[in-house]
Amino acid sequence: MRGVDHQQSQMFSYLSPETRVRKDHPLRAIRAMVDEVLRQLSRRFDQMYASAGRPSIPPEKLLRAQLLQMLYSIRSERLLMEEIDYSMLYRWFVGLNLDEEVWDPTTFTKNRDRLLQADVAKEFLAQVVAKARQKGLTSDEHFTVDGTLLEAWASVKSFQREDEKESPPDDPGNPTVNFHGEKRSNQTHASKTDPDAKLARKGPGKEAKLSFSGNLLVENRNGLIMSSEVFEANGTAERDAALVMLEQIPGTKLVTAGGDKGYDTSDFVAECRHLGVTPHVAQNDRRRGGSAIDARTTRHESYRISQVKRKRIEECFGWLKTIALLRKLRHRGIFKADWVFAFACAAYNLVRMRNLAAVPAV
């Protein structure tokens, strides 16, 4: 029998968002982990806000909304506010009732800037990693390091000589710039839009873009991100960031660190061994002077395993760039880029931990 095409005439509903979200929805497990982490950060939030005055948007709701934007690849804050307004699932995750008014996009971004000015993202990531350690999901011995270029929110047209006097543009919205015959380098030029961004290329024959260097430290058991760093793309940023992250590994026992051929330098290998880290980096035999890794390291089975496991870090970069939309950053400045990158790493860990919990034990 054909149903009747009834129109939406009912004015009241007695169902709450909690009852509308199904019990096995993936966001339920993520929401439970997020709430536990936010409770750990409550004292940190108290220090950021004044004890008197007009109440602002709760930081818990700001971070949950930011997390939704990364989980569902929402390209802008304006679209995020629109999606939260329409979606009952999003309202439930953020913590809004059905009749509560959603924030104006400008109000949301201004309130979020308070969190961007603090090191909340790194603390959020650290709490997520601590939770993963409690569940026995991480390795405390075997790690992988790697870096990638994050394209900055700046046009190549903004990359101009620092000592050049600015002349009025012919078109303020999209000025005409002729770079033919001009040699540009990071030593003589800087971006007028984002001075922290540097001109870099992924490899020989690739085009140079204004970028930052995004770096990860990943454990080899389940591929969870342990820490992250965003440095200037200066050519040695990957090795410098790797040493910073390896130095932060808790404990005093020896650990291993896998890596690609870019880490096969005598200085990096020597510094790793000084930190108590066995460098399981790929050998670069074409390097002048030969590889810094010899048979004392490569003869062990653990070296072969590290070379197999280190490829999993590319899964992290793939998720961050495609799902979290970090292929091209939407924030200017290295500090904000580092904040967003760290928070996206925490979002990846939450999704990964939820998937690991959903897999039945063998």
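Preceding this paragraph is the structure being described.
Residues numbered from 1 in each chain as written. Predicted model: local features only at pLDDT ≥ 70, side-chain atom pairs only at ≥ 80, totals over all residues. Heavy atoms only, no water.

Caption draft 1: Up close: the overall build of the protein. A tally of regular secondary structure across the protein gives 14 helices and eight strands. A principal-axis box enclosing the C-alpha atoms of the protein has dimensions of 80 × 65 × 55 Å. Burial statistics for the protein: of 362 residues in total, 44% are counted as buried. Across the protein, the fraction of contacts at a sequence separation of at least 24, relative to all contacts at a separation of at least 6, is 68%. (Helix = DSSP H or I, 4+ residues; strand = E, 2+ residues; numbered from the N terminus. Buried < 20%, exposed > 50% of the residue type's maximum accessible area, 1.4 Å probe, protein only. Contact = heavy atoms within 4.5 Å.)

Caption draft 2: Broad picture of the environment of F143. Here F143 lies in strand β1 (residues 142-151). In this structure the C-alpha to C-alpha distance between F143 and N220, which are 77 residues apart in sequence, comes to 5.3 Å. Other than its neighbours up to four places away in sequence, F143 contacts L217, V218, E219, N220, M226, I249, V255, T256, A257 and G258.

Caption draft 3: Examining the side chain of K321 more closely. The topology assignment puts K321 in helix α13 (residues 313-322). It is E314 that comes nearest to the buried, bridge-free K321 among opposite-charge side chains, at 7.7 Å. Polar side-chain contacts of K321 include one of 2.8 Å to the side chain of T148. Setting aside residues up to four positions removed in sequence, K321 forms contacts with T148, L149, L150, K202, L326 and R327. (Lys, Arg positive; Asp, Glu negative; His and termini not counted. Salt bridge = Lys/Arg side-chain N within 4 Å of Asp/Glu carboxyl O. Polar contact = N/O pair within 3.5 Å; in protein donor to acceptor, adjacent residues only side chain to side chain.)

Caption draft 4: Focus on the nonpolar core. With 95 residues, the main nonpolar core has F124 and L216 as its most contacted residues. Broken down by element, the residue count for this core peaks at 13 residues, all from helix α14 (residues 334-358). (Core = buried A, V, L, I, M, F, W, Y, C linked by side-chain atoms within 4.5 Å.)

Caption draft 5: Representation of the pattern of salt bridges. In the structure shown here, the tally under the stated rule is 16 salt bridges. D140 is the partner of K253 in a salt bridge, and the nearest nitrogen-oxygen pair spans 3.1 Å. Here the residue K253 occupies a position in the loop between α9 (237-247) and β7 (255-259), and D140 occupies one in the loop between α8 (120-134) and β1, the gap between them amounting to 113 residues. D140 gets classed as partly exposed once you look at its relative accessible area, which sits at 42%. One connected set of salt bridges, linked through shared partners, spans E151, E207, K209 and K328.

Caption draft 6: Molecular detail of helix α5 (residues 77-86). Turning to α5, its buried residues number three or more, namely E77, L80, M81 and I84. For α5, the angular spread of the buried residues around the axis is 95 degrees, confining them to a single face. In α5, the exposed positions that point more than 90 degrees away from the buried face belong to R78 and Y86. Along its buried surface, α5 packs onto α4 (59-71), α6 (88-94) and α7 (105-116). (Arc of directions from axis to C-beta.)

Caption draft 7: Broad picture of the packing of α4 against α7. The N-to-C vectors of α4 and α7 enclose an angle of 105 degrees; their axes lie 10 Å apart at closest approach. The orientation of α4 with respect to α7, classified from their angle, is roughly perpendicular. In contact with P59, L62, L63, A65, Q66 and Q69 of α4, α7 contributes F108, N111, R112 and L115. (Axes fitted to C-alpha atoms, helices over the stretch in contact; angles between N-to-C directions. Parallel < 35°, antiparallel > 145°, perpendicular 65-115°, else oblique.)

Caption draft 8: Focus on the environment of H25. Its place among the elements puts H25 in the loop between α1 (17-20) and α2 (26-40). The exposure class of H25 is buried, given its relative accessible area of 15%. Spatially, the C-alpha atom of H25 lies 17 Å from that of A347, the residues being 322 residues apart in sequence. Beyond its immediate chain neighbours, meaning those up to four positions away, H25 contacts Y72 and L89. Within the structure, H25 has its side chain in polar contact with the backbone nitrogen of L27 (distance 3.0 Å).

Caption draft 9: Spatial organisation of unusual backbone geometry. Positive phi, close to 55 degrees, is recorded for S73, a residue that is not glycine. As for its placement among the helices and strands, S73 is situated in the loop between α4 and α5. Positive phi outside glycine occurs at L325, with the angle close to 60 degrees. Tracing the backbone through its elements, the reader meets L325 in the loop between α13 and α14. Accessibility expressed as a relative area gives 22% for L325, which makes it partly exposed.

Caption draft 10: Structural detail: α7. In this model α7 runs 16 Å from its N-terminal to its C-terminal C-alpha over twelve residues, within 8% of the 16 Å that 1.5 Å per residue would give. When α7 is considered as a whole, its buried residues turn out to be P105, F108, N111, R112, L115 and L116. Viewed end-on, α7 has its buried residues packed into an arc of 160 degrees, placing them on one side of the element. Among the residues of α7, the N-terminal cap falls to D104, whose side-chain oxygen and the backbone nitrogen of T106 are separated by 3.0 Å. (Expected span 1.5 Å × (residues − 1).)

The quantities given are spatial measurements derived from coordinates; they are silent on function.
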